[in-house]
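What follows is the residue order along each chain.
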Amino acid sequence: MIIEHYKPEPVPAENFVFTISAGGHAFCDPEWCASDEAPWCSRLYYVLDGIGEIYTEQGTEYLTPGRLYLIPVGFAHSYNCKDHMEKLYFFVQLDNKYGTEVLRGVDRILSVEMPIEHMRELLELHKGESVVGSGQLQAMLQLDIFNLLAEHNIEIKNRRLSDVIQRALNFIENNLSASLTVKTVADNTFISSANLSHKFKAEMGISVSQYIDGMVMYRAEQLLINTEWPLSKISTELGFYDQFYFSRRFKEKHTISPLKYRKSHRVSKTSQESEI
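Participant: Would you mind going over helix α1 (residues 116-127) with me for this structure?
Facilitator: Because the α-helix completes a turn every 3.6 residues, residues three or four places apart line up on one side. Spanning 12 residues, α1 covers 16 Å between terminal C-alpha atoms, matching the ideal 16 Å at 1.5 Å per step. If you check which residues of α1 are buried, you get His118, Met119, Leu122, Leu123, Leu125 and His126. End-on, the buried residues of α1 take up no more than an arc of 165°, which puts them together on one face. For α1, exposure combined with an orientation more than 90 degrees from the buried face picks out Glu117 and Glu124.

Have a look at this one:
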């Protein structure tokens, strides 16, 4: 089926905070090959040409031209491109009014047919530097996500975290480091380590340590894509002993080195971070 016009239904954007932490226009080759056991943000892939593959416990998802794919936060997967693939990608986060990531818990990759013309329009906005264009890009991406969720009958729930867990998340965000411990978070959240661990696991679905590790690696991904910082500076910024330990930890998570990860995401890249 050929769609000549793409007119998504309007979806109210109030009460949501939409963040784009990184984005790029990439031409992938067989070096685009790695894994991520627990991605710390959702990925949007707009495929313009070629074919890629994503492997999950549910099987293989083929990335084909004219489709949008959403890999939800926390969804384990690996990926590969056996020949070539052109894609526009964005690392995104969609929080509800309580600061909770609404895409966490989506248990599969979502995809929908998307006109190439729409993707090219996003690409032009992505390349631009105007404030108006940036706002338009964010609004269009958010609408694409809402329509993708509606296509798959996934309801957005306004789940609210407890005050103590929200305080813990804020402290972790403001003091993010590979050396940050559960006890330090608990002491500054005014709760025992045992109680924090229990509540955190119940509300977030993962342990405090897993959350910190995931956030550190997510921040590393952002710095690799969005900056020219050497590995020594990134490792220091994130609280690692040295760049060799950082590289080893990064490769354990992604199965590729930090420099190879950077290379695979650096074609026509840009970074944006703002809210709607």
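Participant: Please explain empty space enclosed by the protein as it appears in this structure.
Facilitator: Once rolled over the atoms, a probe with the size of a water molecule shows which space is left empty. Taken as a whole, this structure holds 1 cavity of 30 Å³ or more when the rule is applied. As for the largest cavity, its lining consists of Asp36, Arg43, Tyr45, His77, Tyr79, Phe91, His254, Tyr261 and His265. Residue assignment for the lining of the largest cavity shows that the elements contributing at least two residues are β3 (42-50) and β7 (77-80). Across the lining of the largest cavity, the residue classes tally to 4 nonpolar, 3 polar and 2 charged.

Participant: Explain the nonpolar core here, please?
Facilitator: General note: in soluble globular proteins, nonpolar side chains tend to be found buried as a group. In this structure, Leu196, Phe200 and Tyr211 are the most contacted members of the largest nonpolar core, which totals 55 residues. A per-element tally of this core places helix α6 (residues 208-226) first, with 11 residues. The contact partners of Tyr211, leaving out residues within four places of it in the chain, are Trp40, Leu169, Ile172, Phe200, Met204 and Ile206. Leu70, Val106, Leu141 and Ile145 belong to the second-largest nonpolar core, a separate cluster that totals 30 residues.

Participant: Even after reading the chapter, I still don't get the packing of aromatic side chains, so can you show me in this structure?
Facilitator: Each pair of aromatic rings is reported with the distance of its centres and the angle of its planes. This structure, assessed with the given rule, holds 11 aromatic pairs. Pairing Trp40 with Tyr211 gives two aromatic rings, centres 5.3 Å apart and planes at 65°, and the pair type is edge-to-face. Remark: Tyr211 occurs in helix α6 and Trp40 occurs in the loop between β2 (33-36) and β3; sequence separation between them is 171 residues. Their ring planes at 70° and their centres at 5.5 Å tell us that Phe200 and Tyr211 sit as a pair that is edge-to-face. With Phe200 in helix α5 (residues 193-204) and Tyr211 in helix α6, this pair connects stretches of sequence that are 11 residues apart. Note on Phe200: relative accessible area 0%, which makes it buried. Tyr211 gets classed as buried once you look at its relative accessible area, which sits at 10%. Within the aromatic cluster, the residues linked to one another by ring pairs are Phe240, Tyr241, Tyr245, Phe246, Phe250 and Tyr261. The cationic tip of Arg104 hangs over the ring face of Trp40; the distance from NZ or CZ to the ring centre is 5.0 Å.

Participant: Hey, could you run me through the pattern of salt bridges in this one?
Facilitator: Oppositely charged side chains can form a pair if their charged atoms are brought close together. Inspection of the entire model under this criterion finds 9 salt bridges. For Arg108, the salt bridge identified is with Asp107, shortest N-O distance 3.2 Å. Owing to a relative accessible area of 30%, Arg108 belongs among the partly exposed residues under this scheme. Under the relative-accessibility criterion, Asp107 is labelled partly exposed at 45%. Residues joined in a network through salt bridges with shared partners are Asp36, Arg43, Glu221 and Lys253.

Participant: Please explain the packing of helix α4 (residues 182-189) against α5 as it appears in this structure.
Facilitator: Helices that pack against each other are described as a pair by the angle of their axes relative to one another and the distance between those axes. In the contact formed by α4 and α5, the axes pass within 9 Å of each other and the chain directions differ by 95°. Taken together, the axes of α4 and α5 are roughly perpendicular relative to one another. Here Val182, Lys183, Val185 and Ala186 of α4 come into contact with α5, specifically with Ser193, Leu196 and Ser197. Here the contact of α4 with α5 is composed, by residue class, of 4 nonpolar, 2 polar and 1 charged.

Criteria and thresholds
- Residues numbered from 1 in each chain as written.
- Predicted model: local features only at pLDDT ≥ 70, side-chain atom pairs only at ≥ 80, totals over all residues.
- Heavy atoms only, no water.
- Helix = DSSP H or I, 4+ residues; strand = E, 2+ residues; numbered from the N terminus.
- Expected span 1.5 Å × (residues − 1).
- Buried < 20%, exposed > 50% of the residue type's maximum accessible area, 1.4 Å probe, protein only.
- Arc of directions from axis to C-beta.
- 1 Å grid on protein atoms, 1.4 Å probe; cavity = no way out; pocket = protein on both sides within 12 Å on 5 of 7 lines; lining within 4 Å.
- Points joined across faces, edges and corners; volume = space filled by probe spheres on them.
- Nonpolar A, V, L, I, M, F, W, Y, C, P; charged D, E, K, R; others polar.
- Core = buried A, V, L, I, M, F, W, Y, C linked by side-chain atoms within 4.5 Å.
- Contact = heavy atoms within 4.5 Å.
- Phe/Tyr/Trp six-rings, centres within 6.5 Å; stacked < 30°, edge-to-face > 60°.
- Lys NZ or Arg CZ within 6 Å of the ring centre and 35° of its normal.
- Salt bridge = Lys/Arg side-chain N within 4 Å of Asp/Glu carboxyl O.
- Axes fitted to C-alpha atoms, helices over the stretch in contact; angles between N-to-C directions.
- Parallel < 35°, antiparallel > 145°, perpendicular 65-115°, else oblique.

Shape is all these values report; function is a separate question.
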